[in-house]
Amino acid sequence: MQDSSVRTPSVAISAVNRKFRGPTYSALFQMARSALDEMSDSGAFTRTASTFRNFISRDPNSQFPPESGRYHLYVSYACSWASRCLAYLKIKGLDKAISFTSVKPIWERTKETDEHMGWVFPTSNTEEPGAEPDPFNGAKSIRELYELASTNYTGKYTVPKFKTIVSNESAEIIRMLNTEFNDIAENPALDLYPPHLRAQIDNANEWIYSGINNGVYKCGFARKQEPYDEAIKQLYEALDKCEEILSKQRYICGNIITEADIRLFVTLIRFDEVYAVHFKCNNKLLREYPNLFNYTKDIYQIPSMSSTVNVQHIKQHYYGSHPSKNQFGLIPLGPNIDYSSPHDRERFSA
C-alpha cells in the first residue's frame, strides 16, 4: 500500500498526496529478484520476508493516518497475496476511499540495463484489459516504484504497494483495511478478525499458510524430488484437514466468515486453473473435494468478491511468466469452472 507521498511491490499500499522526502543513498542498485530466485541449497522454495512494514493507524500520532484519498493500492489480479488485499478493499467497502491499480499479468523486462523480469504497467487503458497505467508516478514497472521509495532497495518487486511504500506485507495490509479505516468504510460492521476468534484465526492462518498458501509454491518451485515430495504431502494433508472442518461448519473458524477464509480462498480459486497443472499439485483436484469446492463457490459469491478474481490474468501470469516451467508459454484451455453456480453451504446456520 502506498502513502500519497511514497510507493512500493505485486501488492503494495502507498501514499499518493505528498512529495516523498526521504534519505538519499549512494549505494548501487543490485540485481532485482523474484520468487524464482528464492531457493535453498536443498532445492526447496524458501520465501523471504517483506521489506516495507509501516502501519496505517487511527492513533493520533500515527505517521500514516487513515484518510480517504491518501492511499493507493497497487495489485496484480494474478497474485494471490495481492488479491486478498483487493478482496478486503471490496468487501469492506473501501474502494471509494482507497483507489487501486492493477499491473499487466505477464512479467516483462523492467529495465533495459539488466535482465530482470517483473510486474509492469500497460502504456494505455486499452493495451491490457483489467490493467491500467500508473496514475500517480507514471512508472513503467513496480520495480520503478520501489526505487522511488528507496534507491538502495535490493529485494523483490512485489504487489501490493503505495507512493511512498507504506507496506508490501499483505498479511498486515488486510489487518489495516479491516479496522483502521472503519470511519470511512461502507461496511464497517464487518470484522474479519473479531477478538473472540483471534487465537483460532491465528492458528488456522499458520497451518493454512504453511501447507496451502505457500505450500503450492513449495511444490511448484521445488527443484529436487525430495522437497517436492515433502511439500505435496503437507499440501494434501492440509487440504484434507480443511475438507474435514468444512464438513461440520460453513467456514474455517465457525459459521461466520473471517480472515482465515479470505486467505484460504485466494489459493483455492487458483488451484484447478493453475496449481494443479503448473505447480504439479495434481494428486486431487479442488472439485474432487465436495466441501472445499462448494465453500470456494460460497465465498466467490459474496457481493463484490467475484470482481477480485480475473481468471485470464491468473492463467496468463503463471503460464506466461515462468519459462523455466513452461518454455513456450502455452496457456491451457480449461477447466473454466463456473464458481457462480449453486452451492450447498447454506445448510449451515450463519
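Just so you know, these numbers come straight off a predicted model, no measurement behind them.

Colleague: Provide a residue-level description of the packing of aromatic side chains, including the pertinent values.
Modeller: What the rule picks out here adds up to 16 aromatic pairs. Their ring planes at 90° and their centres at 6.0 Å tell us that Tyr71 and Phe181 sit as a pair that is edge-to-face. Of this pair, Tyr71 sits in strand β3 (residues 71-75) while Phe181 sits in the loop between α3 (170-179) and α4 (198-213), and the two are 110 residues apart along the sequence. Its relative accessible area of 1% is what places Tyr71 among the buried residues. Relative to Phe271, the ring of Tyr236 lies with its centre 6.4 Å away and its plane at 85°, an arrangement referred to as edge-to-face. Here Phe271 lies in helix α7 (residues 259-278) and Tyr236 lies in helix α6 (residues 225-245), a separation of 35 residues in the sequence. The same class applies to Tyr236 and to Phe271, which are both buried. Ring-pair connections join several aromatic residues into one group, and the members of that group are Trp81, Tyr209, Tyr217, Phe221, Tyr236, Phe271, Tyr275, Phe279 and Tyr318. One Lys or Arg, Arg175, reaches over the ring of Tyr193 and ends 3.7 Å from the middle of that ring. A cation over a ring is seen here: Lys284 above Tyr289, with NZ or CZ 4.2 Å from the ring centre.

Colleague: Residue-level account of the confidence of the model for the chain, with values.
Modeller: When pLDDT is averaged across the chain, the result is 86; 82% of the residues are at 70 or more. Segment residues 3-9: pLDDT under 50, and 82 contacts once partners within four positions in sequence are set aside and those in other chains are kept. Counted against residues more than four places away or in other chains, residues 18-34, with its pLDDT under 50, gives 39 contacts.

Colleague: Lay out the pattern of salt bridges in plain terms, naming residues and giving numbers.
Modeller: Enumeration according to the criterion identifies 19 salt bridges in this entry. Salt-bridge contacts for Glu244 lead to Lys248; the nearest nitrogen and oxygen are separated by 3.1 Å. What makes Glu244 partly exposed here is its relative accessible area of 43%. Here the salt bridges share partners, and the residues they tie into one network are Lys111, Asp114, Arg143 and Glu147.

Colleague: So what's going on with the environment of Glu244? Residues and values would help.
Modeller: Assignment of secondary structure puts Glu244 in helix α6. On a C-alpha basis, the gap between Glu244 and Leu292 in space is 9.2 Å, while along the polypeptide they are 48 residues apart.

Colleague: Outline the side chain of Asp272, listing residues and values.
Modeller: Assignment of secondary structure puts Asp272 in helix α7. Classification of Asp272 by relative accessible area gives buried; the value is 4%. Here Leu286 takes part through its backbone nitrogen, which lies 2.7 Å from a polar atom of the side chain of Asp272. Of the polar contacts made by the side chain of Asp272, one reaches the side chain of Arg287; its length is 2.6 Å. Excluding residues that lie within four positions of it along the chain, Asp272 makes contacts with Leu285, Leu286, Arg287, Pro335 and Ile337.

What counts, and where the lines are drawn
- Residues numbered from 1 in each chain as written.
- Predicted model: local features only at pLDDT ≥ 70, side-chain atom pairs only at ≥ 80, totals over all residues.
- Heavy atoms only, no water.
- Phe/Tyr/Trp six-rings, centres within 6.5 Å; stacked < 30°, edge-to-face > 60°.
- Helix = DSSP H or I, 4+ residues; strand = E, 2+ residues; numbered from the N terminus.
- Buried < 20%, exposed > 50% of the residue type's maximum accessible area, 1.4 Å probe, protein only.
- Lys NZ or Arg CZ within 6 Å of the ring centre and 35° of its normal.
- pLDDT = per-residue confidence, 0-100.
- Contact = heavy atoms within 4.5 Å.
- Salt bridge = Lys/Arg side-chain N within 4 Å of Asp/Glu carboxyl O.
- Polar contact = N/O pair within 3.5 Å; in protein donor to acceptor, adjacent residues only side chain to side chain.

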